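Summary of the model geometry
The primary structure of each chain is shown beneath.
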Amino acid sequence: MKSKLFLLIFGFISYIGFSQEYDIKGVVYEASTGMPMPGVNVVLKDNSKGTSTDFDGNFMLEGISKGSELVISYIGFKSQTIVVINGNALTIKLEEDTNALDEVVVIGYGKQKKKEVTGAVGTVEADLLDEFKPVKVEQALQGTVAGVNVTTQSGSPGAALDIRIRGVATNGNNAPLVIIDGYVGELGLLNPNDIETITVLKDAQAAIYGSVGANGVILVTTKRGRKNMKPSVSYNTYYGFQETSKKMSLLNATEYALLLNESYVNGGGAAPYPSISGLGEGTDWQDEVFESAPILNHDVNLMGGTETVTYAISASHLDQEGIVGKDKSGFLRNTARLALNVDITKKLKASTNVIYTYFTRKTLNENGLGSVLFNAINTPPTLSTHDNDGNYTLVPSTTGLGTEVINPLAQIANTFNDYNYKKTSGNFGLDFTPIEGLTLTGRVGFNTSNSESKSFSPEISYGGKVFDNTRSSVNQGAVNDNNYTFDFFANYEKTIADDHNINVTLGNTIFKEWGNGLYATGYDIPNNSWAYADISLATGVSEAQTNSSYVYDERRLSYFGRLQYNYKGKYLFSAVLRRDASTRFGPENSEAYFPSFTGGWIISDEKFFGESSIVDFVKLRASYGKLGNDQIGSNLYAGLLGGEATYIFDGSLVNGTAISTLANPDVKWETSEKMDFGLDIRMFNNKLSFVTDYFIDNRKDLLISGMPISGIVGIGAPGAGAPTVNAGNVENKGFEFAIDYKGEISKDFTYSLAYNATFLDNNVTEVNNSTGYVEGGSFGVSQPAPSRMEVGKPIGYFLGYVTDGIFQNQNEVDNHPDQSALGATAQPGDLRFRDINNDGVIDENDRTNLGNPIPEVTMGMNIRLNYKNFDFSVYGFASVGNDMVRNYERTLSDVNKLNYVLDRWTGEGTSNTVPRVTTAATSNTVLSDYYVEDASYLRIQNMQLGYSLTDFKGFEKIRLYVAATNLFTFTKYRGYDPGASTGNPIGGGIDYGFYPVPRTYMLGLNVKL
């Protein structure tokens, strides 16, 4: 009996010991800062029970058995597993995960661990945006993502930027697709501080977007609140001043007068400046035009969340004046955003993100014959800014100065325009999880915008110039653009037998865009004043039509599917198929299918790889797929009335309408075949990462307009034209790599170094029209188009003559092929051109490839240092092998010139590079390599030094910093900006005097509560 009682008592005690349960409390801190971490997941290893930390990092789990394992995890930090021994409170410190292979990457209609990504993907995080301080988000992609090149169309505030992913692939639209939280958006309108991450899809992985993915895809994820997050307020501001980053080296008044005297004497005329004493330096028109201009930015952000609701609210204000014309080339932008996520039930979640943007922009005449900077370069320094009566000095209208060079200050003063833009965009979505592993998502994305423009041309005389205006006028426009995207897709994840991991996505997308525009002109404005510049007040009319309008309505219906599979996490495979139907194409070609395949092999997980103390991770990747581009003109497959025509009715001329561009019912999609082979390596305990890719992009069926046809079909009327056909192919192939190293010298001193480079080869493989080429761009006045798309050459290459030094004497002229076909008989001191085809005559058949604006290599580099409370960063970008045409010098005798002409030919043996100056006719002004320059450059884009205080008098963080952008540009190019481009694939590298990118100095403050 006693033994039975003993066993009973022993068993009861054992039961109590092994089944004892505790209520586990604890707090989670960030190891590096000691700050509590809200929203951290605390879950039993068997997933039977879990919770998240509250505002102050606290958590509690009830009824946890002794010996249970708790898993504490948070994105970007190393997970910890803790065994429950007793009921004592836990203090947990999470360390940042420098490996980051388990970080989630957005890949379109889903996410994927970085370790498992099989495509070529680049990312930009919020901390980089914070350091870069871009006015426009696109600027932060320059030099930070391999394979991405960003060019400015102008340095003026609010000017557009062009993004090219792995080269220029089409003579049409090369812009990538931008997706913001799942809807089609516009990158340049976002407040940079609203962005959490930017992901760039560069290869066939973008095939999930089918007909709009050929140019690459940029996925933007905006900031959101986190569950159980204490309300957090952050305020950021900076103020700075801007100045021009470049001035050209022009002649002063004395140098100009001496040169002009020589030019007139060489041309057989009298010297216009018999006495040069007293001229001195004269007027520096660049100093008169360029000014120091302010820039100011504020933004505030509120984020937080409870167990079921998270929120983020933000607003921003940016005010930037221009370094030319100040407020006459200014940009003001205001944004507001609301992001809300609600867990309606455990299975049903709702989300919304709405952004409102308002901006105004004023502009000056830029990058063209007669632009403000063109006039500042060419106006003689012997002229004063104002005459004796205080009026702007008139530039004489003479043969030597032409009719388009005017006083740039007068031009600025008489420029009046305004542009206002309002846009509301966002999305609403629902996620439903009926069973484990299956998520159904439905969302609607939308964009609706309205813009109004107004420009006023006062009645004015510049002294017989093309800008003279005998009647005042006002042009006004109103544009309404809209689109919506409806997505419905299902995602199913399943692991079979522990080794087979499957993820399937199926869905469809409906996209519609529509809008209209109306433009009109009114004449004879009261008081010849901007204050009265409105069509409603105009009193005059014109015999010509002064109004125009347009409407458009395009739609796209898509179905897509994606299968992702991995075996044991080391053999990776993905397949995508998308079907698109678009109203931009005729009935016979409205549908297309876009498949892609990607695969990967994580070699470092193989047994044969073994344990290495040096190499931590190795992955091979490959991808192949077809993508489309439907970003073409509307209704090319249909014949529409849009041209102008004059008809005779009852013996009288009557204005009417004619057929516009002739229809091509066979017009179809541009198609891109992309292939990529990649290698990812991490070494030295994940401190060093290396990513490299070799890629090929074959773009086929490019659309070429203006195909020659018989005139009897009626294409001679204004507005009419030949049809557009699919008749071109372009190939881009190259190699890119990125290397990043993160290390520490001591506990207080950490650093990171990053470098990337892209090598690109662009080649046109087909132009199937009657000429074999497509022309574009302009050079000088009445000269042939300088840029071409032609088989065997890079797209947009420059076509002209090759120089072979300077004729030193008449004997050299006599023994050289005749150059008179170029416009003048050669004389000693003139440029000597090569006879490329060896036919004994220099003529248009001797024009050849002079270079192209596509860089052979682009590079990005950055250094980031942290010492105690100090932080320092510097970002740079380099472009090598890009050429640019110097077209900002007016080829007239009396305009000002750059000081390189001081090294001109003045007699035999004096120069073999710069020709003589003369008022007589010469062939020196035809496009040749004399005007084509190497525009390679290295630019220090951003440099910043900051000091931070944490947990200071109620503030979570206070940071004060100084920064400079576009600090230095190292280049041999003589123009303002070697990195600028008009954005046109054919003719983009021709420089009429690009508005320079300003150098900016800033003082900023970041505050977090």
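Structural data are supplied above this passage.
Structure report, in brief. Predicted model, so just to flag it, every value in this text is computed and none were measured.

Take the overall build of the protein next. A count of helices and strands for the protein gives seven helices and 49 strands. In terms of C-alpha radius of gyration, the protein reaches 33 Å, essentially the compact-globule figure of 30 Å for 1009 residues. Seen through its C-alpha atoms, the protein measures out along the principal axes to roughly 140 × 70 × 65 Å. The burial tally for the protein puts 51% of its 1009 residues in the buried class. When contacts within the protein are restricted to residue pairs at least 6 apart in sequence, those whose partners lie at least 24 apart make up 71%. Working note: accessible area of the protein is about 44,700 Å², and carbon and sulfur atoms make up 55% of it.

Our focus in this paragraph is the packing of aromatic side chains. Tallied over the entire structure, the rule returns 34 aromatic pairs. Both rings, one in Y109 and one in F489, keep their centres 5.4 Å apart while their planes meet at 80 degrees; by these two values the pair is edge-to-face. With a gap of 380 residues between them, Y109 in the loop between β8 (104–106) and β9 (111–113) and F489 in strand β24 (residues 473–496) connect regions that are remote in the sequence. Relative accessible area serves as the criterion here: at 6%, F489 is assigned to the buried category. By way of ring pairs, the aromatic residues F690, F735, F737, Y755 and F759 are connected into one cluster. The positively charged end of K454 is found above the aromatic ring belonging to W530, 5.8 Å away from the centroid. The residue whose ring lies beneath R788 is Y773, and the NZ or CZ to ring-centre distance is 3.5 Å.

One finds V289 and V324 to be the most contacted residues of the largest nonpolar core, which totals 57 residues. Counting residues per element, the ones that place at least two in this core are α3 (253–266), α4 (285–289), α5 (372–378), α6 (408–413), β40 (831–833) and β44 (883–886). Ranked by residue count, the leading element in this core is α5, at five residues. Other than its neighbours up to four places away in sequence, V289 contacts I323, V324, G325, V372, L373, A376, P408, L409 and I412. Residues L128, L129, V178 and I218 belong to the second largest nonpolar core, which totals 25 residues.

Let us now look at the side chain of E933. Mapped onto the secondary structure, E933 falls in strand β45 (residues 932–934). Leaving out residues up to four positions away in the same chain, E933 has contacts with N882, D883, M884, R886, K972, Y973 and R974.

So, on to the environment of P784. Structurally, P784 can be placed in the loop between β36 (773–776) and β37 (787–790). Measuring from C-alpha to C-alpha, the distance between P784 and K494 comes to 63 Å, with 290 residues separating the pair along the chain.

The next point concerns the pairing of strand β32 (residues 670–683). Along a regular strand, successive side chains alternate from one face of the sheet to the other. Burial of β32 is extensive: ten of the 14 residues sit out of reach of the surface. Pairing of strand β29 (residues 615–629) with β32, which is carried by 14 bridges, proceeds in the antiparallel orientation. Directly across from K619, in β32, lies its bridge partner D680. Bridge count between β32 and strand β33 (residues 688–704): 13 bridges; the pairing is antiparallel. Its bridge partner lying in β33, T671 is registered against K700. Remark: four residues form the turn of the hairpin made by β32 and β33, two consecutive strands paired antiparallel; F684 in that turn has positive phi of roughly 55 degrees.

On to the pattern of salt bridges. Two side chains with opposite charge may pair up if their charged atoms get near one another. A full pass over the atoms with the stated rule returns 47 salt bridges. As a salt-bridge pair, E812 and R832 come within 3.0 Å of each other at their nearest N and O atoms. Of the two residues, E812 sits in helix α7 (residues 810–814) while R832 sits in strand β40, which places them 20 residues apart along the sequence. By relative accessible area, E812 is classed as partly exposed at 26%. Where salt bridges share partners, they join R166, K202, K619, R621, D676, D680, D693 and E736 into one cluster.

Two pairing modes exist for strands in a sheet, parallel and antiparallel, and in both the strands are linked by backbone hydrogen bonds. The four strands lie next to each other as β36-β37-β38-β41, forming an open sheet whose pairing is antiparallel. The strands lining the two open edges of the sheet, one partner per strand, are β36 and β41 (848–851). Direction aside, the axes of adjacent strands within the sheet are offset by 45 degrees on average. Summarising the sheet, β36 and β37 pair through four bridges and their orientation is antiparallel. In the strand pairing of β37, G776 is matched with S787.

Strand order across the open sheet formed by three strands is β4-β1-β7, with mixed pairing between neighbours. Each edge of the open sheet carries a strand with a single partner, namely β4 (58–65) and β7 (90–94). Here the strands of the sheet are splayed against their neighbours by 30 degrees on average, with no regard to which way each runs. Bridge count for strand β1 (residues 21–30) against β7 is five bridges, and the pairing is parallel. When the bridges of β7 are listed, Y29 appears paired with K93.

Our focus in this paragraph is the environment of T244. Relative to the assigned elements, T244 resides in strand β17 (residues 232–244). Taking C-alpha positions, T244 is 41 Å from D843, a pair spaced 599 residues apart along the chain. Not counting chain neighbours up to four residues away, the residues in contact with T244 comprise F290, I323, P996 and R999. There is a polar contact of 2.8 Å between the side chain of T244 and the backbone oxygen of K246.

Let us look at α3. The terminal C-alpha atoms of α3, which comprises 14 residues, lie 20 Å apart, in line with the 20 Å expected from a rise of 1.5 Å per residue. Residues A253, Y256, A257, L259, L260, N261, E262 and S263 constitute the buried set of α3. Its side-chain oxygen placed 3.2 Å from the backbone nitrogen of T254, N252 serves as the N-cap of α3. Among the residues trailing α3, G268 stands out with phi positive, at a value near 90 degrees.

Before going further, it helps to examine the environment of I739. Tracing the backbone through its elements, the reader meets I739 in strand β34 (residues 725–746). Judged by relative accessible area, I739 falls into the partly exposed class, the value being 32%. Sequence separation between I739 and L688 is 51 residues; the distance between their C-alpha atoms is 7.3 Å. Excluding anything up to four places from it in sequence, I739 contacts L688, S689, F690, L753, A754 and Y755.

Bringing the side chain of E736 into the picture now. Tracing the chain through its elements places E736 in strand β34. Its relative accessible area of 2% is what places E736 among the buried residues. Within the structure, E736 has its side chain in polar contact with the side chain of K202 (distance 2.7 Å). In contact with E736, other than residues within four places in its own chain, are A146, G147, R166, K202, V691, T692, D693, F695, A757 and T758.

Burial analysis of strand β15 (residues 195–201) places six of its seven residues in the buried class, the great majority of the element. Taken together, the five bridges between strand β10 (residues 121–125) and β15 define a ladder with antiparallel strand orientation. The partner of G122 across the bridge, within β15, is V200. Judged from the six bridges that link them, β15 and strand β16 (residues 217–222) form a sheet pairing that is antiparallel.

The subject of this paragraph is a nonpolar patch on the surface. A grouping of L563, F573, F597, Y624, M675, F677, Y694, F735 and F759 is seen on the molecular surface, where their side chains present a nonpolar patch of about 790 Å² in accessible area. Turning to its location among the elements, L563 is positioned in strand β26 (residues 547–567). Looking at L563, the relative accessible area reads 36%, which means it is partly exposed.

Across the chain, the bulk of peptide bonds are trans and the bulk of non-glycine residues have phi less than zero. Phi at K326 takes a positive value of approximately 50 degrees, unusual for a residue other than glycine. Mapping K326 onto the fold places it in strand β20 (residues 326–343). The phi dihedral of N527 is positive, around 60 degrees, even though this residue is not glycine. Structurally, the position occupied by N527 is in the loop between β25 (500–523) and β26. Classification of N527 as exposed rests on a relative accessible area of 60%.

Conventions and cut-offs
Residues numbered from 1 in each chain as written. Predicted model: local features only at pLDDT ≥ 70, side-chain atom pairs only at ≥ 80, totals over all residues. Heavy atoms only, no water. Helix = DSSP H or I, 4+ residues; strand = E, 2+ residues; numbered from the N terminus. Rg over C-alpha atoms; globule rule 2.2 N^0.38 Å. Buried < 20%, exposed > 50% of the residue type's maximum accessible area, 1.4 Å probe, protein only. Contact = heavy atoms within 4.5 Å. Areas by Shrake-Rupley, 256 points an atom, 1.4 Å probe, with all protein chains shown as cover. Phe/Tyr/Trp six-rings, centres within 6.5 Å; stacked < 30°, edge-to-face > 60°. Lys NZ or Arg CZ within 6 Å of the ring centre and 35° of its normal. Core = buried A, V, L, I, M, F, W, Y, C linked by side-chain atoms within 4.5 Å. Pairing = 2+ DSSP bridges. Salt bridge = Lys/Arg side-chain N within 4 Å of Asp/Glu carboxyl O. Axes fitted to C-alpha atoms, helices over the stretch in contact; angles between N-to-C directions. Polar contact = N/O pair within 3.5 Å; in protein donor to acceptor, adjacent residues only side chain to side chain. Expected span 1.5 Å × (residues − 1). Patch = residues over 30% accessible without salt bridge, like charges linked within 9 Å, V, L, I, M, F, W, Y side chains within 5 Å.

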